[in-house]
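Read off the chains here:
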Amino acid sequence: EDQVTQSPEALRLQEGESSSLNCSYTVSGLRGLFWYRQDPGKGPEFLFTLYSAGEEKEKERLKATLTKKESFLHITAPKPEDSATYLCAVLGGATNKLIFGTGTLLAVQP
Amino acid sequence: EAGVVQSPRYKIIEKKQPVAFWCNPISGHNTLYWYLQNLGQGPELLIRYENEEAVDDSQLPKDRFSAERLKGVDSTLKIQPAELGDSAVYLCASSLGNQETQYFGPGTRLLVL
């Protein structure tokens, strides 16, 4: 069964304190791994798509990496405006639909 | 470029009442999705349209939920009658094709009393 597990469930950082969020997945025939950011009361906002192990993508303070079993979202020197829920999703498997994890709630304190 | 548009943003109804949500996808996006998101959970697919054809509605509770995408552009999701457990956020998303990146609207927050 296709499955996505995100950890930790919640993370509190001080401004400037770098860290990583984890997304472990089980899917047959990965067609893409997606990272989204979701602010309270809003829909998910697309961040990155990764397609194969070893691929990396960066955007401002965020960097996403992918292995055959997991993906990491690295946050370098975070700012309070980076506070949000970060969702990971995989596309592939028998259902060929996007399967989401439950997200990591990130709070960055000034 | 305008994003995915949804309305209403909020809806409060009493149980057993009908409710409808509307979605206008990004221009040129052939694939449209309706998702359900419960508090503290990731979105779960309800139905996927390729143009006007519903190609995956396996997770749509067909006894009370219905959807349509006339002319392959706008879409409407309906619940009749609503139950207390339907309280959630209903998200619409669109993409150029099924394998492409999905872009989400702001969602409709439904509260059933």
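Presented here is an overview of the structure given in this document. All of these numbers come straight from a predicted model, not from anything done at the bench. (Residues numbered from 1 in each chain as written. Chains lettered and ligands numbered in written order. Predicted model: local features only at pLDDT ≥ 70, side-chain atom pairs only at ≥ 80, totals over all residues. Heavy atoms only, no water.)

## Overview of the overall build of chain B
A count of helices and strands for chain B gives zero helices and eleven strands. Mapped from its N terminus to its C terminus, chain B presents α and β elements in the order β-β-β-β-β-β-β-β-β-β-β. The globule rule puts the C-alpha radius of gyration for 113 residues at 13 Å, and the 13 Å found for chain B is close to it. By principal-axis analysis of the C-alpha atoms, chain B measures approximately 35 × 25 × 25 Å. For chain B, the residues scored as buried account for 48% of the 113 residues in total. When contacts within chain B are restricted to residue pairs at least 6 apart in sequence, long-range pairs at least 24 apart make up 54% of them. Carbon and sulfur atoms form 50% of the exposed surface of chain B, whose accessible area is close to 5700 Å². With 11 positive and 14 negative side-chain charges, chain B shows a spacing of 8 Å between the two charge centroids. (Helix = DSSP H or I, 4+ residues; strand = E, 2+ residues; numbered from the N terminus. Rg over C-alpha atoms; globule rule 2.2 N^0.38 Å. Buried < 20%, exposed > 50% of the residue type's maximum accessible area, 1.4 Å probe, protein only. Contact = heavy atoms within 4.5 Å. Areas by Shrake-Rupley, 256 points an atom, 1.4 Å probe, with all protein chains shown as cover. Lys, Arg positive; Asp, Glu negative; His and termini not counted. Charge placed at Lys NZ, Arg CZ, Asp CG, Glu CD.)

## Some thoughts on the pairing of strand β7 (residues 65–68) of chain B
All names here are of chain B. Inspection of the sheet shows β7 paired to strand β8 (residues 75–79) by four bridges, in the antiparallel sense. Following the sheet pairing, E68 is matched in β8 by T76. The turn joining β7 and β8, which pair antiparallel and follow one another in sequence, is formed by six residues; a positive phi near 65° is taken by K71. (Pairing = 2+ DSSP bridges.)

## A closer look at the sheet that holds strand β3 (residues 19–26) of chain A
Residue and element names in this part refer to chain A. Taken together, five strands build an open sheet; the order of strands is β1-β3-β8-β7-β6 and the sheet is antiparallel. Strand pairing shows two members of the sheet lacking a second neighbour, β1 (3–7) and β6 (56–59), which therefore form its edges. Averaged over all pairs of adjacent strands, the angle between strand axes in this sheet comes to 15°, irrespective of strand direction. One ladder, built from five bridges, connects β1 with β3; its direction is antiparallel. Within β3, the residue paired with Q3 across the bridge is T26. (Axes fitted to C-alpha atoms, helices over the stretch in contact; angles between N-to-C directions.)

## Considering the pairing of strand β11 (residues 108–112) of chain B
Residue and element names in this part refer to chain B. The buried fraction of β11 amounts to four of the five residues, a majority that puts the element mostly inside the structure. In this sheet, β11 lies alongside strand β2 (residues 10–13) in parallel orientation, the contact comprising four bridges. Its bridge partner lying in β11, Y10 is registered against R109.

## Notes on the interface of chain B and chain A
Taken residue by residue, the interface counts 20 residues in chain B and 19 residues in chain A. Together, the buried faces of chain B and chain A total about 1500 Å²; carbon and sulfur atoms form 49% of this surface. Of all residues in chain B, the largest losses of buried area upon contact with chain A belong to Q99, T101 and F104 of chain B, amounting jointly to 30% of the total for that side. Summed over the shared surface of chain B and chain A, the number is zero salt bridges. (Buried area = accessible area lost by both parts, 1.4 Å probe. Salt bridge = Lys/Arg side-chain N within 4 Å of Asp/Glu carboxyl O.)

Don't take any of this as a statement about function, it's just geometry.
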